[in-house]
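Residue-level structure breakdown
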Amino acid sequence: MDKDYTKERTRRAYNRIGADYDSWYWMRKARDLRTELTGEVLRIVHKNVKKGSKVLDLCCGTGHLAEGLEGMKYTGLDFAPAMVAYCKEAYPKRKFVLGEAEQLPFKDGSFDAVVCFWSFHHIVYPEEVMEEISRVIRPGGFVLIATFKDVKLNLAAKMTDWISDSYWGYITKRYSKGNMMRLMQRFNSVELEIFPKGFSILNMMGIRFLIASGRN
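A brief report on the enclosed structure follows. (Residues numbered from 1 in each chain as written. Predicted model: local features only at pLDDT ≥ 70, side-chain atom pairs only at ≥ 80, totals over all residues. Heavy atoms only, no water.)

Quick notes on the overall build of the protein chain
Spelled out, the test is: The way it works is that DSSP assigns letters per residue, a run of H or I at least four long becomes a helix, a run of E at least two long becomes a strand, and they are numbered from the N terminus. The rule is simple: take the accessible area with a 1.4 Å probe, protein chains only, and divide by the maximum for that residue type; under 20% is buried, over 50% is exposed, in between is partly exposed. Any two residues whose heavy atoms approach within 4.5 Å are treated as being in contact. In these tables, accessible area is a Shrake-Rupley quantity obtained with a 1.4 Å probe, and a residue counts as shielded only by the protein chains included in the view.
Within the protein chain, the secondary structure is distributed over 8 helices and 7 strands. Buried positions account for 54% of the 216 residues belonging to the protein chain. Contacts spanning at least 24 positions in sequence make up 70% of the contacts within the protein chain whose residues lie at least 6 apart. Taken as a whole, the protein chain presents about 10,600 Å² of accessible surface, with 53% of it coming from carbon and sulfur.

This is how it looks when you write it as structure tokens:
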């Protein structure tokens, strides 16, 4: 796989989707799941990050976390100009920046926390991104990654991945607990949570998430 080519295909796909992302057919179907996952991510963040803290929403997309991180000094970053333009219009009181996750345009220790939600599965250079996350978080700062878990895929899930890759032009990379722990090894007090817990019809569709968190 040519990683740079794949990354550019993903960027073009999200520029095409842009403001229509949240009304796209699949996202309408996934809205309940996204709402549940957003609630769990926000619960963990608010438990571990104080009010007034500087939080980076990495690969922020259409800014799903912007409202939920009330009381935080929020910055959203995305590599797709259409997504950043949408966010600036939708959340005019929040700060949004165009940039690359592998080369974050921030000084060392700029943030108290970094959250990457519903987007890490598109990243083609995860090791480099984790290094950058570690760099821009202050010592003792909090990091959370919520991404697709590596599960046995059924036909429906395989078809979804094929459509995503061939039509929209982006990848969906899933992570095992072992792979995620290796990526998180530079952080302390790492915890992994599987979401949703227990049996869910989503599991039959090949949809399960890993929520990894730790301290810098």
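Thoughts on the sheet that holds strand β7 (residues 209-215)
Put simply, the test is: For two strands to be treated as a pair, DSSP must find at least two bridges joining them. Note on geometry: axes are C-alpha line fits, over the in-contact stretch for helices, and angles between N-to-C directions span 0 to 180 degrees.
Strand order in the open sheet formed by 7 strands is β3-β2-β1-β4-β5-β7-β6, with mixed pairing between adjacent strands. Edge strands, defined here as strands with exactly one partner in the open sheet, are β3 (95-98) and β6 (188-195). Between one strand axis and the next, the sheet turns by 15 degrees as a mean value, whatever way the strands run. In terms of strand pairing, strand β1 (residues 54-58) meets strand β4 (residues 111-117) through 4 bridges, oriented parallel. Residue pairing across strands places L56 opposite V114, the latter belonging to β4. Of the strands in this sheet, β2 (73-78) and β3 touch helix α4 (residues 81-90), which is tilted by about 165 degrees from β3. Those strands touched by helix α5 (residues 126-136) are β1, β4 and β5 (137-148), and its axis lies near 145 degrees from that of β5.

Points about the pairing of β4
How we decide: Here a crossover is taken to be right-handed if, once the strands point away from the viewer, the path from the first strand over the helix to the second is traced clockwise.
Within β4, 7 of the 7 residues are buried, which leaves the element mostly enclosed by the surrounding structure. Here β4 runs beside β5; their pairing, made up of 6 bridges, is parallel. Across the sheet, the residue bridging to V115 is L144, located in β5. In this region the chain leaves β4, passes through α5 and returns to the parallel neighbour β5; the handedness of that crossover is right-handed.

Shape descriptors only; they carry no functional weight alone.
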